[in-house]
Amino acid sequence: MKKLLLHKFLYIICITGIIIPCKVYAMDITVGATAWYAWGSRYENTQDYSIRKNNNYAFDPTFLYGPAISVKLNDDFNLTFVYLYSKFNYIENLYGDDGGDYFVKSNIKRSDSDLTINYRLNNYLKLFVGAKYLGYEIKLSYDDPNDEHLYSNSKHNSFGPGLGLNCTYPITNNIFILATVSGFYLWSAGEKFEDYGLYSHKYAKPVRMTIGYNEYGINTNVSVAYYIAPISTVISLGFRFQYFITDYDEYEAFYIDNIKNQFYGITLTATYSFGL
């Protein structure tokens with residue numbers, strides 16, 4: 001499964017390279033940083049006998065941040081790369097063996113990256129296609145200092161293609177409206193899960209499993225950009241919304257069929273351009 005996933009991802013990259021014209025041009029390069037202050041939530045579609053007492057969870061707002069790079073290959077094509085990283089947590093309310101409540105704390109590290117090739121349709125619109133990666137590292141533990149030795153870990157990684165449309169509309173010579181909408185479909189090598197007594201009995205041996213899933217969703221972003229000509233820098237401020245579904249092949253340990261995820265919030269990006 002891992003090899004198949006890697007082959008699919010490399011195929012996307014190869015196709016992206018093939019459609020770029022071979023003629024060599026002087027390149028314009030843009031480098032910078034981007035941040036997203038986002039709120040989030042998830043809804044877990046569970047089976048009737050789930051141990052969860054609540055299926056809908058809200059995340060505290062958190063910063064996602066990382067680099068943004070763009071290379072203009074010629075008048076029609078440019079290549080872009082964006083990577084975002086964050087940490088956040090939430091509390092799950094579950095049924096205990098005795099019928100009472102107990103609480104599990106989720107500590108999550110998230111990585112989200114996009115590599116795309118953009119094609120200029122006209123002065124305002126660009127079509128883009130590329131590859132997306134979405135990854136999570138999750139540690140679950142009792143929200144009780146006396147039970148810190150009971151925990152579980154899972155690693156969640158998926159790759160796949162994305163397709164979208166980008167619009168740039170000038171308001172003045174140095175102020176622009178930017179809008180993007182895109183969709184993606186991701187394959188996984190399986191979620192790696194290890195339980196050290198959190199869901200299994202505390203004296204049992206660790207439980208390890210790999211559970212397959214696919215993910216699909218949309219991204220939208222609207223922002224206002226200001227170009228500072230003397231220093232070749234663009235500052236943009238906007239709003240981004242992301243929605244995607246994690247659709248599991250099976251999830252017998254937690255009785256979850258799929259999870260609906262959404263993140264939304266304010267974006268801020270600063271980039272500097274230069275030529276080679």
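A quick note: this is a predicted structure, and the numbers were derived from the prediction, not measured.

Chemist: Any chance you could explain the pairing of strand β12 (residues 256-275) here in plain terms?
Modeler: Look at any regular strand and the pattern is simple: side chains alternate between the two faces of the sheet. Here 19 bridges tie strand β1 (residues 28-46) to β12, and the two strands are oriented antiparallel to one another. Pairing of Val31 across the sheet is with Tyr272, part of β12.

Chemist: Can you help me understand the pattern of salt bridges in this one?
Modeler: Between side chains of opposite charge, a pair can form as their charged atoms come close. Within this structure, the stated rule accounts for six salt bridges. When the shortest N-O distance is used, the salt bridge between Arg120 and Asp76 registers 3.5 Å. Within this pair, whereas Arg120 is found in strand β4 (residues 101-120), its partner Asp76 is found in the loop between β2 (56-72) and β3 (77-95), the two being separated by 44 residues in sequence. A relative accessible area of 30% means that Arg120 is categorised as partly exposed. The closest approach of N and O atoms between Asp114 and Lys132, which form a salt bridge, is 3.2 Å. Taken together, the positions of Asp114 in strand β4 and Lys132 in strand β5 (residues 125-142) put the pair 18 residues apart, joining distant regions of the chain. In this structure Asp114 comes out as partly exposed when scored by relative accessible area, which is 23%. The class for Lys132 is buried, based on a relative accessible area of 1%. In the salt-bridge network here, residues are joined through shared partners; they are Arg110, Asp112, Asp114 and Lys132.

Chemist: In this structure, what is going on with the environment of Thr80? I would like to understand it.
Modeler: For Thr80, the location among the structural elements is in strand β3. In this structure the C-alpha to C-alpha distance between Thr80 and Val31, which are 49 residues apart in sequence, comes to 9.9 Å. Once residues lying within four places of it in the same chain are set aside, the contact partners of Thr80 are Ile69, Ser70, Asp114, Leu115, Thr116 and Asn118. Of the polar contacts made by the side chain of Thr80, one reaches the side chain of Thr116; its length is 2.5 Å.

Chemist: Can you walk me through the environment of Phe88 in this structure?
Modeler: Here Phe88 shows up in strand β3. Residue classification places Phe88 among the buried residues on the basis of a relative accessible area of 6%. On a C-alpha basis, the gap between Phe88 and Lys109 in space is 6.7 Å, while along the polypeptide they are 21 residues apart. Beyond its immediate chain neighbours, meaning those up to four positions away, Phe88 contacts Phe59, Thr62, Ser106, Asn107, Ile108, Arg110, Tyr136 and Phe263.

Chemist: Quick question: what am I supposed to make of unusual backbone geometry here?
Modeler: One can expect most non-glycine residues to show negative phi and most peptide bonds to be in trans. If you check the backbone angles, Ser232 has positive phi at about 50 degrees while not being a glycine. On the accessibility criterion, Ser232 (24% relative accessible area) is partly exposed.

Chemist: Whenever I open this one, the nonpolar core confuses me. Can you help?
Modeler: Nonpolar side chains in soluble globular proteins generally cluster together in the buried interior. Formed by 18 residues in total, the largest nonpolar core has its most connected members in Trp36, Phe88, Ile108, Tyr136, Phe244 and Phe263. When contributions to this core are tallied by element, the ones reaching two or more residues are β1, β2, β3, β4, β5 and β7 (175-188). A per-element tally of this core places β5 first, with four residues.

Chemist: Where do I start with the packing of aromatic side chains in this structure?
Modeler: For any two aromatic rings, the description comes down to two numbers: the centre-to-centre distance and the angle of the planes. Within this structure, the stated rule accounts for 15 aromatic pairs. Consider the rings of Tyr37 and Trp39, whose centres lie 5.2 Å apart with planes at 80 degrees: the pair is edge-to-face. Of the residues examined, Tyr37 reaches a relative accessible area of 29% and is grouped as partly exposed. Ring plane angle 15 degrees and centroid distance 6.4 Å describe the contact between Trp39 and Tyr264, whose orientation is recorded as stacked. Taken together, the residues Trp39 in strand β1 and Tyr264 in strand β12 connect sequence positions 225 residues apart. For Trp39, a relative accessible area of 33% translates into the label partly exposed. Assessed through its relative accessible area of 32%, Tyr264 is described here as partly exposed. A connected cluster of aromatic rings, assembled from ring pairs, spans Tyr37, Trp39, Phe63 and Tyr264. In this structure, Arg110 packs its charged tip against the face of Phe263, placed 4.5 Å from the ring centre.

Rules used in this analysis
- Residues numbered from 1 in each chain as written.
- Predicted model: local features only at pLDDT ≥ 70, side-chain atom pairs only at ≥ 80, totals over all residues.
- Heavy atoms only, no water.
- Pairing = 2+ DSSP bridges.
- Helix = DSSP H or I, 4+ residues; strand = E, 2+ residues; numbered from the N terminus.
- Salt bridge = Lys/Arg side-chain N within 4 Å of Asp/Glu carboxyl O.
- Buried < 20%, exposed > 50% of the residue type's maximum accessible area, 1.4 Å probe, protein only.
- Contact = heavy atoms within 4.5 Å.
- Polar contact = N/O pair within 3.5 Å; in protein donor to acceptor, adjacent residues only side chain to side chain.
- Core = buried A, V, L, I, M, F, W, Y, C linked by side-chain atoms within 4.5 Å.
- Phe/Tyr/Trp six-rings, centres within 6.5 Å; stacked < 30°, edge-to-face > 60°.
- Lys NZ or Arg CZ within 6 Å of the ring centre and 35° of its normal.

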